Amino acid sequence: MTQDELIEWATRIVHRADPQPHQLLEIKAESGLDDAQAAFHKVARQAHPDLHRNSLSAEQLELVTSAYAKVAGAYQDFRQLALAPRPKVIEVKGAYGTRNVPPPPPVEEPEAAPQAGGPVGQMNSKAMLHYRKAEMSLRRGELKTAVLQLKMASAADPQSKFVRIALAEVMAELAKSGG
Amino acid sequence: MAVALGIDLGTTNSCAAIATPTGVEFILGPRGERVHPSVVAFPGSGGVVVGPDAKRYRLTEPHHVIHSAKRFIGQNIRAPLVQLALTGVRYKIVEGPNQQPIVVVRDRRMTMPEISSHVLLHLKRCAERQLGTHVQQAVITVPANFTDGQRQATKEAGRLAGLEVMRLINEPTAAALAYGFGHDRQQLVAVFDFGGGTFDVSILRLNGEIFEVLASDGDFFLGGDDLDRALAELLAAECNRILRVDPRPHAALMMKLMMGAEAIKCHLSENEAAEGEIDGLDMPNGQAGRLPFSITRRQFEDLINGYVMRTMEVTRQVIVAAGLTPQHISEVLCVGGSTRIPVVRQRLTEIFGRPPNTRINPDEVVSQGAAIQAGSLTNTLNAGTGMGARDAVATSAHTTLHGVGAVQLQQQQAKRPILLDVNPATLGIGTAGGFSERLLDKNSPIPIEKIRVFTTARDNQTRVEIDCCRGENRRYDENEPLGTLVLEDIAAKARGEVKIEVCFRVDSDGILHVRAIDQASQQRQEAHLQVLGAPSVDGAEDGGGGGEL
């Protein structure tokens, strides 16, 4: 594309009154996303403002940028239609009964995280912090402190069976030695 | 010949490079380092110190060393996340005009762009020393999900450092450019950018010289800093237990633990366990303390699991937003230091069913891409500049050595890469009834322009305020207000008769420009929005976002 052709194209795009997306991309009305993408890439290869920033005057560059930006908007319309089909009318929930709303795009179910082995995997990180402290206390033989820390761990993660069992065991131990 | 730098201005580290005919050349620091810490120190002895030297002052003068400035640049200080981040730094930040954060060091008040400009200036000086010429132009990278205000503030930082910022490009896009330039690839790639303070993921279609971003998302408040903090909290608890001292109120002590945490984190990327002692802790009672620690990689992984899962969740969403499934992606590029953590790579492998590409250097690839873009904008690229094209050039250089004659480097022009980046957020305007009308959707290609015609809501309305906002919500109030454009002296007519054309343009830097035209009078009001938190032009304006149309 020569510079004159570029300016002619840009002028044509900018001055098109009330344009439809396919008109800006200069493709057929019934074109799909693939055609739109090919057309947009073609425009980008020839008319992307970055390619001309050193060769055009400021005024011409603004014209080309404006035309390119309009075409980008048209391409986005095609993408929107293809990627997120949504009804044109505004939905009012329950007003006209249930309507045929397209299902949301499929979201990949996150695979279940592999169960971590060992005690650490069986509680959340906050509980683990307390549990580690309790472990240290046990090593030093401070049973009372360990019970307190395990209780905190249990409070941080009430779901954790592991913490509950550990707490019960240490409390039994404490009762034995203290009693 | 114009020289244009490519700069990766990071949260913890920055990197600069320049495209030469034989490849990308990195800008080295005073000690030959390629990676420059983004740390600015204002030591008691006076002056400003940047880079590795500044890092040393973190221990002796923690209140006068500014790090992680990127977390605050262009941010509204009242934002909850910013308030949270404030608890993690030891220097003083106060609220300035236009709700922007202001750093106070030694009675000097500085804006965040000023702080960042010191880092940029350091890089500029290193480059000038290395290249022996003036450097006036640069391409700077920003996280893909940076907002308007953050982008404007980054540009401002460049300006303050005496650089003409030719373009801001998104970090993941820059990485993809460095990977794909000069290879004429046809493929879909995912770029997973997990850095010191920000996280981004982008899906790109590479089609020859075209680099089209299909979708991009992320979190600009998630990074290695957060992982360090999680680990430092654990160390603090240990400190409290073993040494009977709560380190949290003591800045220097906590900073030492943060630095220890960072070292342990890096160690655990290579090793299964880290065991040792942090010594030289200045205890409040004046004595030196030492804190023993023993942490396994497993423990660390559990500690950071929440953060890692969040990044994977965003990754899944982005793939869906691009209209693809993980099987479509044929290459996964890892960018940013945090991607060195084995569990991050492992989770990525689980999602994509293929291990990520490990041949690229996660710290340097972004600045390489920026340098290529800078070369492209100054039109100084040639076929030898791309990564991996070095072999071809080495052969011709080799011939020269053997004296076969003056063999010129191949000067053939490379196809200039074309970046089709996207805007990071949905932009809309407030309409009557408190609704938000979407004008530009997230992930639309930039530069882009959209025009909508609006009408007045009341009879004889002569003044219209156009409130611009950012966000997906249908309710205006639940989106983030960007600023207000005022159109006055409209002819008094019945409601609905006046037609106002509103044009949203997002430029190649990702910055929004709004223009409103009253169609009857052709009165034109164009405004560059004053974004809250961004450096203000006049300092006095306090843009209110709550006005009605």
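Everything below is about the structure shown above.
An account of the accompanying structure is given in this report. These numbers were taken from a predicted model, which means no experiment stands behind them.

Rules of the game
- Residues numbered from 1 in each chain as written.
- Chains lettered and ligands numbered in written order.
- Predicted model: local features only at pLDDT ≥ 70, side-chain atom pairs only at ≥ 80, totals over all residues.
- Heavy atoms only, no water.
- Phe/Tyr/Trp six-rings, centres within 6.5 Å; stacked < 30°, edge-to-face > 60°.
- Lys NZ or Arg CZ within 6 Å of the ring centre and 35° of its normal.
- Pairing = 2+ DSSP bridges.
- Helix = DSSP H or I, 4+ residues; strand = E, 2+ residues; numbered from the N terminus.
- Axes fitted to C-alpha atoms, helices over the stretch in contact; angles between N-to-C directions.
- Contact = heavy atoms within 4.5 Å.
- Buried area = accessible area lost by both parts, 1.4 Å probe.
- Salt bridge = Lys/Arg side-chain N within 4 Å of Asp/Glu carboxyl O.
- Polar contact = N/O pair within 3.5 Å; in protein donor to acceptor, adjacent residues only side chain to side chain.
- Nonpolar A, V, L, I, M, F, W, Y, C, P; charged D, E, K, R; others polar.
- Buried < 20%, exposed > 50% of the residue type's maximum accessible area, 1.4 Å probe, protein only.
- Expected span 1.5 Å × (residues − 1).
- Arc of directions from axis to C-beta.

### A few points about the packing of aromatic side chains
Here's step 1: All chains considered together, the criterion is met by six aromatic pairs over all chains.
Here's step 2: Ring pairing ties together the aromatic residues Phe40(A), Tyr68(A) and Tyr75(A), which thus form one cluster.
Here's step 3: Arg185(B) extends its terminal NZ or CZ atom over the ring of Tyr179(B), reaching a point 4.1 Å from the ring centre.
Here's step 4: For the cation-ring pair, Arg475(B) lies above Phe435(B), with the distance from its terminal atom to the ring centre recorded as 5.3 Å.

### With respect to the sheet that holds strand 23 (residues 464-470) of chain B
Residues and elements named next belong to chain B.
Here's step 1: Here we have four strands laid out as an open sheet, ordered 21-20-23-24, and antiparallel in their pairing. Whereas interior strands pair on both sides, the edge strands pair on one side only; in this sheet they are strand 21 (435-440) and strand 24 (480-487). Strand-to-strand twist across the sheet, computed as the mean angle between neighbouring axes with direction ignored, equals 30 degrees.
Here's step 2: Here strand 20 (residues 427-431) runs beside strand 21; their pairing, made up of five bridges, is antiparallel. For Ile-429, the partnering residue across the bridge sits in strand 21 and is Glu-437.

### Regarding the interface of chain A and chain B
Here's step 1: At the interface, 44 residues of chain A touch 47 residues of chain B.
Here's step 2: Between chain A and chain B, a total of about 3,800 Å² is buried, with carbon and sulfur atoms accounting for 52% of that surface.
Here's step 3: Counting every contact that joins chain A to chain B gives five salt bridges.
Here's step 4: In this assembly, chain A and chain B are joined by 16 residue pairs in polar contact (both at pLDDT 80 or more).
Here's step 5: Those elements that place two or more of their residues in the side of chain A that touches chain B are helix 3 (33-47), helix 4 (49-52), helix 5 (58-83) and helix 6 (125-140) of chain A.
Here's step 6: Take the side of chain A that touches chain B: its biggest share by element is 14 residues, from helix 5 of chain A.
Here's step 7: Here the side of chain A that touches chain B is built from residues that sort into 20 nonpolar, 11 polar and 13 charged.

### Section: the pattern of salt bridges
Here's step 1: Under the counting rule described, the total for this entry stands at 34 salt bridges over all chains.
Here's step 2: Put simply, Glu449(B) and Lys70(A) hold a salt bridge, and the shortest N to O gap is 3.1 Å. Placement of Glu449(B) in strand 22 (residues 448-455) and of Lys70(A) in helix 5 is noted, with the two residues assigned to different chains. In terms of burial, Glu449(B) and Lys70(A) fall into one category: buried.
Here's step 3: Asp226(B) is the salt-bridge partner of Arg229(B), the closest N and O atoms lying 3.9 Å from each other. Of this pair, Arg229(B) and Asp226(B) both sit in helix 6 (residues 224-242), three residues apart, which is roughly one turn of that helix.
Here's step 4: The structure contains a network of salt bridges with shared partners spanning Asp50(A), Lys155(B), Arg167(B) and Asp509(B).

### So, the sheet that holds strand 8 (residues 92-95) of chain B
By definition, the strands of a sheet pair up through backbone hydrogen bonds, in either a parallel or an antiparallel sense.
Residues and elements named next belong to chain B.
Here's step 1: The strand order across the open sheet formed by three strands is 8-9-10, and the pairing between neighbours is antiparallel. The two strands at the open ends of the sheet, each matched to only one other strand, are strand 8 and strand 10 (108-111). Ignoring which end each strand starts from, the neighbouring axes of this sheet average 40 degrees apart.
Here's step 2: Of the pairings in the sheet, the one linking strand 8 to strand 9 (residues 101-105) comprises four bridges and is antiparallel in character. By the bridge assignment, Glu-95 is partnered in strand 9 with Pro-101.
Here's step 3: Helix-sheet contacts for helix 3 (residues 112-131) involve strand 8, strand 9 and strand 10, and the interaxial angle to strand 10 is about 85 degrees.

### Observations regarding helix 1 (residues 3-14) of chain A
Think of an α-helix as 3.6 residues a turn; residues three or four steps apart then line up on the same face.
Residues and elements named next belong to chain A.
Here's step 1: Taking 1.5 Å per residue, 12 residues should reach 16 Å; helix 1 reaches 16 Å between its end C-alpha atoms and fits that length.
Here's step 2: Within helix 1 the residues assigned to the buried category are Leu-6, Ile-7, Trp-9, Ala-10 and Ile-13. Buried residues of helix 1 fall within an arc of 160 degrees about the axis and therefore sit on the same side.

Spatial relationships are all this shows, so hold off on functional conclusions.
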